[in-house]
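Inside the fold
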Amino acid sequence: RVTGPPTLRIEVRYKTASGAKPSLSLIAEVPGGERQYDNSPALPPSETWSTASWTATTKPGVTEARIFLRNSGVGTVWYDDLRVSR
């Protein structure tokens with residue numbers, strides 16, 4: 001459940017291999033059945049553990065938000081230590 005200010009700071013550690021293209025996404029539920037979709041900029045490939053952060057702003061009244069750890073490439077992405085804060 002989302003409460004408080006509409007800004008979410010998302011931090012995660014990640015590493016990649018073989019052409020992976022990591023990114024983060026947010027899907028939030030807004031009253032009235034509307035959904036908010038937002039995507040981070042592409043994260044740079046990294047063969048060693050790196051930390052990425054992204055700030056997303058939710059619409060007023062959001063009741064629920066989901067964070068997706070994505071890969072739009074053909075390689076592998078490992079994610080660890082996901083943190084979401086305001």
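This write-up is about the structure you can find in this document. (Residues numbered from 1 in each chain as written. Predicted model: local features only at pLDDT ≥ 70, side-chain atom pairs only at ≥ 80, totals over all residues. Heavy atoms only, no water.)

1. Quick look at the overall build of the protein chain
Secondary structure summary: the protein chain contains zero helices and six strands in total. Element order for the protein chain, N to C, with α for helix and β for strand: β-β-β-β-β-β. Based on the C-alpha atoms only, the size of the protein chain along its principal axes is roughly 40 × 20 × 15 Å. Within the protein chain, counting contacts between residues at least 6 apart in sequence, those at least 24 apart form 77% of the total. Looking at the protein chain as shown, the accessible area adds up to about 5200 Å², and 49% of this sits on carbon and sulfur atoms. Taking the 11 positively charged and 8 negatively charged side chains of the protein chain as two groups, their mean positions are separated by 1 Å. (Helix = DSSP H or I, 4+ residues; strand = E, 2+ residues; numbered from the N terminus. Contact = heavy atoms within 4.5 Å. Areas by Shrake-Rupley, 256 points an atom, 1.4 Å probe, with all protein chains shown as cover. Lys, Arg positive; Asp, Glu negative; His and termini not counted. Charge placed at Lys NZ, Arg CZ, Asp CG, Glu CD.)

2. Focus on the sheet that holds strand 5 (residues 64–71)
In space, the three strands of this open sheet follow the order 3-2-5, with antiparallel pairing throughout. The outermost strands of the open sheet, each flanked by one partner alone, are strand 3 (34–39) and strand 5. Across this sheet, the average inter-strand angle for adjacent strands is 20°, counted without regard to direction. (Pairing = 2+ DSSP bridges. Axes fitted to C-alpha atoms, helices over the stretch in contact; angles between N-to-C directions.)

3. Thoughts on the sheet that holds strand 1 (residues 7–17)
Whenever strands of a sheet pair, they do so through backbone hydrogen bonds, lying parallel or antiparallel. Strand order in this open sheet of three strands is 4-1-6, and the pairing throughout is antiparallel. Strands at the two margins of the open sheet, each flanked by one partner only, are strand 4 (50–57) and strand 6 (76–85). Neighbour-to-neighbour, the strand axes of this sheet turn through a mean angle of 25°, independent of strand direction. Relative to strand 4, strand 1 is paired through eight bridges, and the arrangement is antiparallel. In the strand pairing of strand 4, Arg9 is matched with Thr55.

4. Things to note about the environment of Arg66
With respect to the element layout, Arg66 can be found in strand 5. Spatially, the C-alpha atom of Arg66 lies 6.2 Å from that of Ala28, the residues being 38 residues apart in sequence. Here Glu29 takes part through its side chain, which lies 3.1 Å from a polar atom of the side chain of Arg66. (Polar contact = N/O pair within 3.5 Å; in protein donor to acceptor, adjacent residues only side chain to side chain.)

5. So, the side chain of Ser50
By the element assignment, Ser50 lies in strand 4. Reaching out from Ser50, the side chain makes a polar contact with the side chain of Ser46 at a distance of 2.7 Å. Those residues in contact with Ser50 that lie beyond four places of it in its chain are Val12, Arg13 and Tyr14.

6. Details of the packing of aromatic side chains
The description of an aromatic ring pair uses the distance of the two centres, along with the angle that the planes make with each other. Applying the stated rule across the entire model yields zero aromatic pairs. Positioned over the ring face of Trp78 is Lys15, at 5.4 Å from the centre of the ring. (Phe/Tyr/Trp six-rings, centres within 6.5 Å; stacked < 30°, edge-to-face > 60°. Lys NZ or Arg CZ within 6 Å of the ring centre and 35° of its normal.)

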